[in-house]
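Given next are the chains, with one letter for each unit.
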Amino acid sequence: MSPSAAPSGTGPITDAAPLSLCAREPHVPADRLVAEMVPPPRFDSVRFSTYIPDPNQPSQTEAVRVLEGFAAGLGGTADSGRRRLFGFGRAPKKAPAGPRGVYLDGGYGVGKTHLLASLWHATPAEPARKAFGTFVELTNLVGALGFQQTVQTLSGHRLLCIDEFELDDPGDTVLVSTLLGKLVDAGVALAATSNTLPGKLGEGRFAAADFLREIQGLSAHFRALRIDGEDYRHRGLPEAPPPYSDEQVTNAAHATEGASLDAFSPLLEHLARVHPSRYGALTDGIKAVCLTGVRPVPDQSTALRLVVLADRLYDREVPVLASGLPFDQLFSEEMLNGGYRKKYFRAISRLTALARDAAKLMNPR
């Protein structure tokens, strides 16, 4: 049967039905979680040389200079720290005083992840001795392996890069503070990005004052680098395209090989049944995500799960075509003014970028 022509500017409708995220329930073994701790596909080819600093923001140029020097200084070995941690081998020299890591603080879209991935690529160590993951992926790794196994697995690394470092609850504060302390003792260098200075982590989300000691302990591991600038996703770019109709989205899903098609509300319900550590696997092989009936998320737990999915889609450069409300209306004013506002603004920024990318699905030629 020959494919039929699709209306609304899409390509021919294919015989194969679109995929569905709601039909997927991936199970991810722990060894895959470790093996995938590398920069995501969007940042495979970035380097310091491909980061273009804004000439009006000298902090961007300074960040490149500092990070290049930091990478060059990681040519030693973490083996002596590993021996000390597990109680064998000759006692090493005392670790140097001061921070063992760098912390990139700045707004959305100033290139922090680009710089973090460039640091990973520039560090003189084989990929198996370097780890790169989001804060959520790191805590999920602890959940999958257990605390002691995570320490043992990462302690032989030269560098641990943590993207989107945020503390959402007291348990994470204590867990990450203890984990990073163990890794620093083992000789692992740290690098992280966030929209919040280390000493302010957790502020507005829980009783941070009750965990000040742990938060200050985290801060002591890092030298903070402030990166100023505007969101590059909005520099000279058009406004996000308005949502399409349900019919247009459905036709585009049928006309696009590897596209998924889901109604927004059932997808939100499905995300509650899939652990966030599996959201990356949920999108395996997906070339485009098509959503119908986008509406405001109903509650904070749902919103935070959507943030994680948005991050995984952005990492993998998966365009998102949607009907319903535009993405800047996903989160309520109360959410955008609350303690998780930085997560929500990041999600809006990233989904808007993916919506722009999806415009080509409507005009494939």
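Here the structure is a predicted model, which is why all the values come from computation and not from measurement.

Cut-offs applied
Residues numbered from 1 in each chain as written. Predicted model: local features only at pLDDT ≥ 70, side-chain atom pairs only at ≥ 80, totals over all residues. Heavy atoms only, no water. Axes fitted to C-alpha atoms, helices over the stretch in contact; angles between N-to-C directions. Helix = DSSP H or I, 4+ residues; strand = E, 2+ residues; numbered from the N terminus. Parallel < 35°, antiparallel > 145°, perpendicular 65-115°, else oblique. Left-handed = near helix turned anticlockwise from the far one by under 90°. Contact = heavy atoms within 4.5 Å. Phe/Tyr/Trp six-rings, centres within 6.5 Å; stacked < 30°, edge-to-face > 60°. Buried < 20%, exposed > 50% of the residue type's maximum accessible area, 1.4 Å probe, protein only.

J.: So, the packing of helix H2 (residues 58-72) against helix H4 (residues 112-122): which residues are in play, and what are the values?
T.: Packing of H2 against H4 leaves a shortest axis separation of 9 Å and a crossing angle of 25°. Looking at the two axes, H2 sits roughly parallel to H4. At the point where H2 passes H4, the crossing takes the right-handed sense. For the pair H2 and H4, the contacting residues are Ala63, Val64, Leu67, Phe70 and Ala71 in the first and Leu115, Leu119 and Ala122 in the second.

J.: Kindly report on the packing of aromatic side chains, identifying the contributing residues and their values.
T.: For the coordinates displayed, the defined rule picks out five aromatic pairs. Between Tyr103 and Phe222, the ring centres sit 5.2 Å apart and the planes meet at 70°, which makes this aromatic pair edge-to-face. Of this pair, Tyr103 sits in strand S1 (residues 101-106) while Phe222 sits in strand S5 (residues 222-227); the two residues are 119 residues apart in sequence, bridging distant segments of the chain. Since its relative accessible area comes to 0%, Tyr103 is described here as buried. Exposure remark for Phe222: the relative accessible area of 6% places this residue in the buried category. Aromatic pair Phe165 and Phe222: ring centres 6.2 Å apart, planes at 80°, arrangement edge-to-face. Separated by 57 residues along the polypeptide, Phe165 in the loop between strand S3 (159-163) and helix H7 (170-185) and Phe222 in strand S5 bring together distant segments of the chain. The same class applies to Phe165 and to Phe222, which are both buried.

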